Amino acid sequence: MKVTPEEEAVLLRLALAQEVTVPRLLVESALASETGETATERRNAIAELFRAHRLLAAISNNVNQMAKATNATGEVQEDLVETLRAVRRTAGRIDEAIDGLSLS
């Protein structure tokens, strides 16, 4: 069976989006029937979660600066406590998602 020009265009677009070759895309797609995701999609999802985790760490540094200011002045910012809770919840969710992807 031959691939039509339209099908080839779709394959090229998908391969480019996943930063793989068309043969790699086809192999991963065939093997993804059990998990519903290709190895490249999985790797990209994990990489994105790590980027989000690093961003959260940077935000946490800013929160630490807020805490230092609070300690210096003795005045607690209204949003500081809730912001810290949100940072912890988000970090936990990211870690759970990474663990789930790594173990699946």
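J.: I'm lost on the pattern of salt bridges in this one. Help?
T.: A side chain of one charge can pair with a side chain of the opposite charge when the charged atoms of the two come close. Using the criterion set out here, one finds two salt bridges in the structure. Salt-bridge contacts for Arg-85 lead to Glu-82; the nearest nitrogen and oxygen are separated by 3.7 Å. Highlighted residues: Arg-85 and Glu-82, both in helix H4 (residues 80-103), separated by three residues, approximately one helical turn. Given a relative accessible area of 39%, Glu-82 falls into the partly exposed group. The closest approach of N and O atoms between Glu-82 and Arg-89, which form a salt bridge, is 3.2 Å. Look at the salt bridges and you will find they share partners, linking Glu-82, Arg-85 and Arg-89 into a network.

J.: Just to check I follow, could you spell out the nonpolar core for this structure?
T.: The nonpolar side chains of a soluble globular protein tend to be buried, and buried together. Residues Leu-49, Leu-56, Val-63, Leu-80, Val-87, Ala-91, Ile-94 and Ile-98 constitute the largest nonpolar core, which totals eight residues. Secondary structure elements with two or more residues in this core: helix H3 (39-73) and H4. At five residues, the largest contribution of residues to this core is made by H4.

J.: Looking at this model, I keep getting lost on helix H1 (residues 5-18). Mind explaining?
T.: Think of an α-helix as turning once every 3.6 residues; residues three or four places apart then point the same way. Relative to the 20 Å expected for 14 residues at 1.5 Å per residue, H1 spans 20 Å between its end C-alpha atoms, a close match to the ideal helical length. Phi turns positive one or two residues past the end of H1, at Glu-19, with a value near 60°.

J.: Just checking my understanding: could you explain the side chain of Gln-18 for this structure?
T.: As for its position among the elements, Gln-18 is in helix H1. Contacts of Gln-18, omitting those with residues within four sequence positions, involve Leu-25, Glu-28, Thr-38, Thr-40, Glu-41 and Asn-44.

J.: Would you mind going over H3 with me for this structure?
T.: Helix length check: H3 (35 residues) gives 51 Å between terminal C-alpha atoms against 51 Å at 1.5 Å per residue, within 8%. By the burial criterion, the buried members of H3 are Thr-40, Arg-42, Ile-46, Leu-49, Leu-56, Val-63 and Thr-70. Downstream of H3 by one or two residues, Gly-74 has phi in the positive range, about 80°.

J.: Which parts of the structure should I look at to understand unusual backbone geometry?
T.: Glycine aside, residues mostly have negative phi angles, and peptide bonds mostly take the trans form. If you check the backbone angles, Glu-19 has positive phi at about 60° while not being a glycine. Looking at the element boundaries, Glu-19 is found in the loop between H1 and helix H2 (22-31).

J.: Explanation requested: the side chain of Thr-70 in the structure shown.
T.: By secondary structure assignment, the location of Thr-70 is in helix H3. Judged by its relative accessible area of 9%, Thr-70 falls in the buried class. Excluding anything up to four places from it in sequence, Thr-70 contacts Glu-75, Val-76, Gln-77 and Leu-80.

J.: Which parts of the structure should I look at to understand the packing of H1 against H2?
T.: For any two helices packed against each other, one specifies the inter-axial angle together with the distance between the axes. Taken N-terminus to C-terminus, the directions of H1 and H2 make an angle of 85°; their axes are 9 Å apart at the nearest point. As judged from the angle between their axes, H1 and H2 are roughly perpendicular. Touching Leu-11, Leu-12, Leu-14, Ala-15 and Gln-18 of H1 are Val-22, Leu-25, Leu-26 and Glu-28, all from H2.

Conventions and cut-offs
Residues numbered from 1 in each chain as written. Predicted model: local features only at pLDDT ≥ 70, side-chain atom pairs only at ≥ 80, totals over all residues. Heavy atoms only, no water. Salt bridge = Lys/Arg side-chain N within 4 Å of Asp/Glu carboxyl O. Helix = DSSP H or I, 4+ residues; strand = E, 2+ residues; numbered from the N terminus. Buried < 20%, exposed > 50% of the residue type's maximum accessible area, 1.4 Å probe, protein only. Core = buried A, V, L, I, M, F, W, Y, C linked by side-chain atoms within 4.5 Å. Expected span 1.5 Å × (residues − 1). Contact = heavy atoms within 4.5 Å. Axes fitted to C-alpha atoms, helices over the stretch in contact; angles between N-to-C directions. Parallel < 35°, antiparallel > 145°, perpendicular 65-115°, else oblique.

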